[in-house]
Structure formats: structure tokens, C-alpha cells
Amino acid sequence: MSEPTFEELRIPAALILIITVAFILLPRLGVKDSTATIATPVARSSPTAGQPGGAVAATAPPTPQPTLTPLPTPAPTLTATPVADNFQAEVLACRLIAGSNCIGRLGVLPARAGTFTALVRFSDARAGDAISVALAGPGGTLDGGPYTLQGGGDGYYYSTFTIGGLPNGEYTLVANRNGTEVAQTSFQRGR
């Protein structure tokens, strides 16, 4: 009879190791049995003083705990001070971009082109503004993902559109701020 090989012993050895580890670690993981008691609220009483020998010197009756009920708050009166909004934006169709610079501004996009980048440059934005761009034309509407600004001021946003299967024709890029159109530009695809 031949001795068992490593291949024959590795599965039983692995099972023994797993069982051993489980028995060692399970009690330390804080597994509680299902008969654990749940604390229930009880009436509180004042401290009780006693005398040696067990006689009680004074006992106060339980003190009722007050229940807090929120008072109804009146609706606030909104008196907003108008804030001047000097937000401005422009949207460009570009072959490429370098930061906020449009490299190869498109008036006509060749029919063989598969992608282009929409660049939105803006000024006087506010933190929390959502900037997005959409492409509309004979192929339907494609939305670029919105970006929510973390800070205010001047900046730019871009979205790269894959347009390989779109038909030729006139397309319009529309820049939006918080869902409202702020700029647009048009270009031809495949003349």
C-alpha cells in the first residue's frame, strides 16, 4: 500500500484548518446568542439612603420623566435679497482641448470623424452650479454628464462626444447651467 500523496491530503487538511480557525475566532467576534435580553425602560427613582443593618432611612417616590414635545414652528418669511448674477458662458465644438483652450474649432465636422470635444467656458459661477452640455441634431439628442461645481468663479467644463454613427446634417451644442440654457453653437457634420 502506498502512502497518500500531497494532492490527496490537501483538501482534508484545508477543511481541518478552516474548522479550527472558525472555532478559535467565532467566540472573539462577539457573536451573541439569541436569548440576549433587551433593555426596557423603567421608571426612575431618586436615590435611596440606608442605615447599617438594612433599615431604609428615606425613599422618594419615582420621579416622572418629562416628555419633550416639539413646538410647531411658524413658516419662515422669505425675504431674499437679490444677488446680481453675472454668470456668462460660451460653448465650442473642438477637435481637441488643452485646459480651457479649444484646439481646432469646428465649423464643419468631417463625416469620418468619430469624436469631438464640447468645451464650455464660464465666468462668475457659484459653488453648487451644475454645468452640462447637450448635442442636438438629425441623429437625436446626446447629453454630456453634468458636473457640479465645488467652488465658484471662472472655469471650464468639457465633454467628449462619440458620434461615429450619427447622420450628416446641422448639429447644435447647448450649454446648460442648473438645467437652463446659457450658450449654444452650431456646426455641420459631413459635407
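Described below are features of the structure shown in this document. What you see is a predicted model, and the numbers here were worked out from it, not measured in a lab. Here the residue numbering is sequential within each chain, running from 1 through the sequence in written order. In view of the model being predicted, local features appear only for residues whose pLDDT reaches at least 70, and side-chain atom pairs are presented and counted only at 80 or more, with totals across whole chains, interfaces and linings using the full set of residues. Note: side-chain values were computed over all heavy atoms of the structure, leaving out hydrogens and water.

1. Thoughts on the nonpolar core
Counting residues in each nonpolar core, the largest one holds 24 residues, and the members touching the most others are F116, L135 and L173. Sorting the residues of this core by element identifies β3 (88–98), β6 (115–125), β7 (130–137), β10 (153–162), β11 (169–177) and β12 (180–189) as the ones contributing at least two each. Residue contacts are counted whenever heavy atoms from the two residues lie within 4.5 Å of one another. Not counting chain neighbours up to four residues away, the residues in contact with F116 comprise A93, C94, L106, L109, L135, S159, T160, F161, I163, L173 and F187. Remark: nonpolar core denotes a set of buried residues (Ala, Val, Leu, Ile, Met, Phe, Trp, Tyr, Cys) joined through side-chain atoms within 4.5 Å. We call a residue buried when its accessible area falls under 20% of the maximum for its residue type, exposed when it is over 50%, and partly exposed in between, using a 1.4 Å probe and counting protein chains only. Numbering goes from the N terminus for both helices and strands, where a helix is a DSSP run of H or I of at least four residues and a strand is a run of E of at least two.

2. Notes on the sheet that holds strand β4 (residues 101–105)
Paired strands, in this sense, are two strands between which DSSP finds at least two bridges. The antiparallel open sheet is built from four strands, whose spatial order is β4-β3-β6-β10. Two strands bound the open sheet, and with one partner strand each, they are β4 and β10. Ignoring which end each strand starts from, the neighbouring axes of this sheet average 40° apart. Direction of pairing for β3 relative to β6: antiparallel, over a ladder of seven bridges. By the bridge assignment, A93 is partnered in β6 with A118. Each axis is a line fitted through C-alpha atoms, taken for helices only over the stretch in contact, and angles between the N-to-C directions span 0 to 180 degrees.

3. As for the side chain of T172
Residue placement: T172 occurs in strand β11. Its relative accessible area of 18% is what places T172 among the buried residues. For T172, the side chain forms a polar contact with the side chain of S186, separated by 3.3 Å. Beyond its immediate sequence surroundings of up to four residues, T172 is in contact with A134, L135, A136, Q184, T185 and S186. Throughout this description, a polar contact denotes any pair of N or O atoms lying within 3.5 Å of each other; where both atoms belong to protein, one of them has to be capable of donating a hydrogen while the other can accept it, and for residues adjacent in sequence the pair is counted only when both atoms sit in side chains.

4. Description of unusual backbone geometry
At D124, a residue that is not glycine, the phi angle is positive and equals roughly 60°. Assignment of secondary structure puts D124 in strand β6. Residue D124 is classed as partly exposed on the basis of its relative accessible area, which comes to 39%. Phi is positive for N178, which is not a glycine, with a value near 55°. Secondary-structure assignment places N178 in the loop between β11 and β12. Assessed through its relative accessible area of 45%, N178 is described here as partly exposed.

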